[in-house]
Amino acid sequence: MNALFLALASLGAVVAIRLLRSTMDFISFHLLPGTHTVDRYQRPGNTAWALVTGASAGIGLGIAQELVRQGFGVILLGHLQDELDAAAAQLRAMRPPVPVAAAADRDDDDDDDDNDARVRTYLLDARTATPSDLARLAASLSGLDLTILVNNVGGNAVEHPPFRPAATYSCADVDAVVDQNARFMARLTTLLVPLLARGARPDAARSGRNRSLVLTLSSGGYVGVPYLVLYSATKAFNRGFGAALARELALDPATAHVDSLVVIPGEVASQGNCRGVPSSAPRWDVFGREVVQKAGLAAARGWKEMFPHWRHGLEYALMDVAPSAAVEKALVDQMRAKKGAWDDYLGKNK
Ligand SMILES: NC(=O)c1ccc[n+]([C@@H]2O[C@H](COP(=O)([O-])OP(=O)(O)OC[C@H]3O[C@@H](n4cnc5c(N)ncnc54)[C@H](OP(=O)(O)O)[C@@H]3O)[C@@H](O)[C@H]2O)c1
């Protein structure tokens, strides 16, 4: 009897300590100012660059905006030049001035010291990019101090209606989702890791500075949601890819200064996610800012993934403890509501 009591008490203590620890982690991550910021990916003289895929709108543009605020040069990758140009113009208008010391030292002929030149665009379609397109992209980046890759491009790239059973997908629909969400980011990341690892500094591990980062957008949909079967599957791929990469990079001294972090958004109001979105969802720009402001802290804690928005973190934590029937119902109801909103919209706009 005593042994049973002791075993139950020990189990209770372990569960209580784990709960307390995750609560403290949650509070400190979302409410207290971080001691580790995205500065860990900056370089002396603010020479660091970030490549953001799918950056002309939505979360990618929000991430690019905050990177610009934090003094990074950004390359916006997208598939429509006029949309990229509009996004670049917006970012150039908000670019913080070159610091006085850097301005005094600079050679006026050097494009890299020009505020405008610190925002660039790169035209490439993630669905159709070939290995030689990707090699050209990598070559174009080789002269830059690339320290951040944001694998953001993604969505449900199928013929409308977007929310429908997998059995209605054509082969082209299947390929489009896999190519855009999984194949492109996997090919791009493997190609760019050597560039991100270049210029490792001996103090990177000890000081937590001069590091590089691969940021990969997954989705809460990785759990597997109806009417988005292919999308869910590719988002689980993104999550597994980012976590495996994190562990692998840490093993090799030549890449141990490159962090890999998966971002898991719940509902975010954006160009792509614009119907049946709960009013509590953060907007794309708010969410993008949170991603950048919290990435350094999450990576410094050794996390492989993060929920940058507090509400999403709470929702997913509750899913672990709530009765599974209630979780199932909430998931299915949410997807039914989104499908209904799109079907209504498309029905009215035939
Ligand atoms: N929003 C959410 O609630 C949510 C939730 C979970 C996960 N996510 C993930 O977060 C990421 C961003 O989502 P979002 O909602 O911000 O997307 P979004 O609003 O649809 O924006 C997507 C961006 O990617 C560009 N793009 C689209 N197709 C492309 C292609 N084939 N090649 C290159 N660029 C392309 C778009 O450019 P154009 O405007 O020129 O088409 C746009 O700049 C995705 O990976 C998504 O799966 C989003």
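Note that the structure is a prediction, hence the values are computed from the model and not measured.

Asks: With reference to specific residues and values, describe the overall build of the protein.
Replies: Tallying secondary structure elements over the protein gives eleven helices and seven strands in all. Here the C-alpha atoms of the protein give a radius of gyration of 22 Å, agreeing with the 20 Å that 2.2 N^0.38 yields for 350 residues. Taken across its 350 residues, the protein has 45% of its residues classed as buried. Considering only intrachain contacts with a sequence separation of at least 6, the fraction spanning at least 24 residues in the protein is 77%. Total accessible area on the protein stands at roughly 17500 Å², and carbon and sulfur atoms take up 58% of it. Positive and negative charge centroids in the protein, built from 36 and 37 side chains respectively, lie 7 Å apart.

Asks: Would you mind going over the site of the ligand in detail, with residue names and values included?
Replies: Taken together, 31 residues lie around the ligand, and Ser56, Ile59, Asn152, Tyr231 and Ser270 are the ones closest in. One of the backbone N or O atoms of valine 268 is found 2.8 Å from an oxygen atom in the ligand. Here an oxygen atom of the ligand sits 2.9 Å away from a polar atom, N or O, in the main chain of glycine 272. When the ligand is considered free in solution it has 910 Å² of accessible area, and contact with the protein chains removes 92% of it. Contributing elements (two or more residues each) for the shell around the ligand: helix 2 (58–69) and helix 8 (229–251). For the shell around the ligand, the per-class residue count stands at eleven nonpolar, 15 polar and five charged.

About the thresholds
Residues numbered from 1 in each chain as written. Predicted model: local features only at pLDDT ≥ 70, side-chain atom pairs only at ≥ 80, totals over all residues. Heavy atoms only, no water. Helix = DSSP H or I, 4+ residues; strand = E, 2+ residues; numbered from the N terminus. Rg over C-alpha atoms; globule rule 2.2 N^0.38 Å. Buried < 20%, exposed > 50% of the residue type's maximum accessible area, 1.4 Å probe, protein only. Contact = heavy atoms within 4.5 Å. Areas by Shrake-Rupley, 256 points an atom, 1.4 Å probe, with all protein chains shown as cover. Lys, Arg positive; Asp, Glu negative; His and termini not counted. Charge placed at Lys NZ, Arg CZ, Asp CG, Glu CD. Near = heavy atom within 4 Å. Polar contact = N/O pair within 3.5 Å; in protein donor to acceptor, adjacent residues only side chain to side chain. Nonpolar A, V, L, I, M, F, W, Y, C, P; charged D, E, K, R; others polar.

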